Amino acid sequence: MMDRFVVEGGIPLTGRVTANGSKNATLPLMAAALLAEGTTIIEGVPDLQDVRTMAMVLRMLGADIKLADGVLTIDSTQAKSWEAPYELVRKMRASIYVLGPLVARRGRAKVSLPGGCALGPRPIDLHIKALEKLGCRITLDAGYVIAECERLKGARIAFDVGSVGATGNTLMAAVAAHGKTVIENAACEPEIVDLADMLNAMGAKISGQGTPVIEIEGPTELSPVRYRVIPDRVEAGTFLIGGAATNGDVTVDNCRPDHLAIVLDKLHDAGATIETGKNWARVAAPKRLKAVDVKTAVYPGFPTDLQAPWTTLMAVADGSSSITETIYPERFNHVPELARLGADLKMDLNTVRVKGVERLKGAAVMCSDIRAGAGMVIGTLTAQGRSDLLRIYHLDRGYEKLEQKMAGLGGRIERVSE
Ligand code: EPU
């Protein structure tokens, strides 16, 4: 059954909404549970398709998993397998996060190569090179990467591209390596800091997380912990940008403003009023906002995961702007869909040039990936009149009850099952 959203747009989003725990932090934390025998408990976990997919991957490996009321219980005692099959990995690239922990705990791993993706090519060469440096033999066979080692040894690993996933996998393997591992040009994303913090709580010796140089002293014996995942900065950003695009006034609780500093700065530059506290942020945009350029970059730069929502905001801003994607140069599937709502957009390589229009008009449109879908939710809520948003299964991968949360802010949006 294919659900869709029916949206009556043009109503300012106003009020308070609570963000969930971070999807992109939860997924590696789940994989990290494989590193300690016994029961790991992760709190604040969102109920999402991607979390369920990762749970299936861990179950295939033999772990026992329950998710109830945001509390994920992972018992890895029986997790004796080392193979993650194509059927699951192709559904979610983040399944690759089991590679590091399997190598660390079992000395071997067989994980399907993730294959193609709507964002363009997304290779895993950096994950593989890092494991080789740590002493793994790697073979590629029939669509699988097979990693084997007798004993991991610490190494100096310098990434030439900043990668969240490769940094995470390297951290999870290096905790079992003998001696010191140094990761240079490590990802500084809050989700990586969260992973390193959980590993340290489990007994690892990691320092420098949140900076480009991370050091790991190994090996350490890891034990299971109870750990709360950080709030989802992308979900929070989606509500804040949605509030701004609809000329509303939105406060997000369970939000870390320090994780959204550049997004809040850009909203301020566009003319919105920003207020923040330790665990919340508010954006008010009573008047039409001004055009502001952005360029996506690794943290603390503007997140690529909020590029589509920002493009939607600029589509109704006063003036012309350009939005440049440097992480995934082909991540522009929302552009032709926004044009269906009446946006004036032109592609120029990895830049979209936007001429703001007074208003968008409702239409039938679709989601092509999680974040492009978030851009379209904001687009349809901003557009005057009725829209039908199709293929919302993409949104269900990454946002829990998005339509209910938007409706709680006054948006007229409902889920319809065919
Ligand atoms: N890259 C390589 N080789 C590698 C790995 C990455 O060339 O071995 C390149 C990628 O092609 C890309 C860049 O490095 O151009 C950054 O990719 P990264 O590895 O950082 O991305 P990821 O770990 O696969 C995570 C998020 C993405 C988010 C990116 C960038 C998770 C589960 N996914 O992906 O989130 O866009 O970081 O911040 O954490 C989403 O949530 O919708 C999503 C796509």
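Residues numbered from 1 in each chain as written. Predicted model: local features only at pLDDT ≥ 70, side-chain atom pairs only at ≥ 80, totals over all residues. Heavy atoms only, no water.

Quick notes on the overall build of the protein chain
When its secondary structure is counted, the protein chain shows 14 helices and 24 strands. Relative to its length of 418 residues, the protein chain is compact, with a C-alpha radius of gyration of 21 Å against a globular reference of 22 Å. By principal-axis analysis of the C-alpha atoms, the protein chain measures approximately 65 × 45 × 40 Å. Per-residue burial for the protein chain yields a buried fraction of 58% across its 418 residues. Taking contacts inside the protein chain between residues at least 6 apart in sequence as the whole, the part at least 24 apart equals 72%. Per element, the accessible surface of the protein chain, about 16300 Å² overall, is 50% carbon and sulfur. (Helix = DSSP H or I, 4+ residues; strand = E, 2+ residues; numbered from the N terminus. Rg over C-alpha atoms; globule rule 2.2 N^0.38 Å. Buried < 20%, exposed > 50% of the residue type's maximum accessible area, 1.4 Å probe, protein only. Contact = heavy atoms within 4.5 Å. Areas by Shrake-Rupley, 256 points an atom, 1.4 Å probe, with all protein chains shown as cover.)

Side note on the pairing of strand E7 (residues 108–112)
As paired strands, strand E6 (residues 83–84) and E7 are joined by two bridges and run parallel to one another. Across the sheet, the residue bridging to glutamate 83 is lysine 110, located in E7. Pairing analysis gives five bridges linking E7 to strand E9 (residues 144–148), with the strands arranged antiparallel. Across the sheet, valine 111 pairs through a bridge with valine 145, a residue of E9. (Pairing = 2+ DSSP bridges.)

Things to note about the sheet that holds strand E13 (residues 213–218)
Ordered by their spatial adjacency, four strands build an open sheet running E10-E11-E13-E12, and the pairing between neighbours is mixed. Edge positions in the sheet fall to strand E10 (156–158) and strand E12 (205–207), since each has one partner strand and no second. Between one strand axis and the next, the sheet turns by 15° as a mean value, whatever way the strands run. Looking at chain direction, E10 and strand E11 (residues 179–184) are connected through three bridges and run parallel. Paired with alanine 158 across the two strands is glutamate 184, which belongs to E11. (Axes fitted to C-alpha atoms, helices over the stretch in contact; angles between N-to-C directions.)

Concerning the nonpolar core
Residues Met30, Val98, Leu171 and Leu199 are the most contacted members of the largest nonpolar core, which totals 77 residues. When near neighbours in sequence (up to four residues on either side) are disregarded, leucine 171 contacts Ile183, Ile192, Leu195, Ala196, Leu199, Ile206, Ile214 and Ile216. Counting residues in hydrophobic clusters, the runner-up holds 64 residues, among them Val234, Ala236, Val263 and Cys367. (Core = buried A, V, L, I, M, F, W, Y, C linked by side-chain atoms within 4.5 Å.)

With respect to the domain arrangement of the protein chain
How big an interface is tends to be reported as the loss of accessible area on association of its parts. One can read the domain layout of the protein chain as domain 1 (3–20 + 231–417) and domain 2 (23–228). The centre of domain 1, based on its C-alpha atoms, is set 30 Å off from the matching centre of domain 2. The interface of domain 1 with domain 2 comprises 20 residues on the first partner and 19 residues on the second. Buried area between domain 1 and domain 2, both sides added, is near 1600 Å², and the carbon and sulfur share of it is 51%. Of all residues in domain 1, Tyr299, Tyr328 and Arg397 bury the most surface against domain 2, accounting for 34% of the area lost on that side. Seen at the junction of domain 1 and domain 2, the total is two salt bridges. Across the pair arginine 233 and glutamate 191 runs a salt bridge, and its minimum N-O distance is 2.8 Å. In this assembly, domain 1 and domain 2 are joined by seven residue pairs in polar contact (both at pLDDT 80 or more). Among the secondary structure elements, those contributing two or more residues to the side of domain 1 that touches domain 2 are helix H12 (370–382) and helix H13 (393–398). It is H13 that contributes the most residues to the side of domain 1 that touches domain 2, three residues altogether. Residue composition of the side of domain 1 that touches domain 2, by class: five nonpolar, five polar and 10 charged. (Domains from an automatic or database assignment. Buried area = accessible area lost by both parts, 1.4 Å probe. Salt bridge = Lys/Arg side-chain N within 4 Å of Asp/Glu carboxyl O. Polar contact = N/O pair within 3.5 Å; in protein donor to acceptor, adjacent residues only side chain to side chain. Nonpolar A, V, L, I, M, F, W, Y, C, P; charged D, E, K, R; others polar.)

Some remarks on the side chain of aspartate 3
Along the chain, the position of aspartate 3 falls in strand E1 (residues 3–9). Side chain to side chain, aspartate 3 and serine 417 meet in a polar contact 3.0 Å long. Once you skip the residues sitting within four places of it in the chain, aspartate 3 turns out to touch Arg391, Ile392, Arg415, Val416 and Ser417.

A short note on the site of the ligand
Around the ligand sit 23 residues, and of these Asp125, Ser163, Val164, Asp305 and Ile327 come closest. Within the side chain of serine 163, one N or O atom sits 2.6 Å away from an oxygen atom of the ligand. In the model, an oxygen atom of the ligand is placed 2.7 Å from a nitrogen or oxygen of the isoleucine 327 main chain. Out of a free accessible area of 820 Å², the ligand has 85% covered by protein chains. With three residues, the single largest contributor to the shell around the ligand is helix H5 (residues 125–133). A per-class count over the shell around the ligand returns 11 nonpolar, six polar and six charged. Per-domain counts for the shell around the ligand show at least three residues from each of domain 1 (3–20 + 231–417) and domain 2 (23–228). (Near = heavy atom within 4 Å.)

Points about unusual backbone geometry
Cis geometry is found at the peptide bond from glycine 218 to proline 219, where omega equals -5°. Relative to the helices and strands, proline 219 is located in the loop between E13 and strand E14 (226–228). A cis amide bond links tyrosine 299 to the next residue, proline 300, at an omega of 5°.

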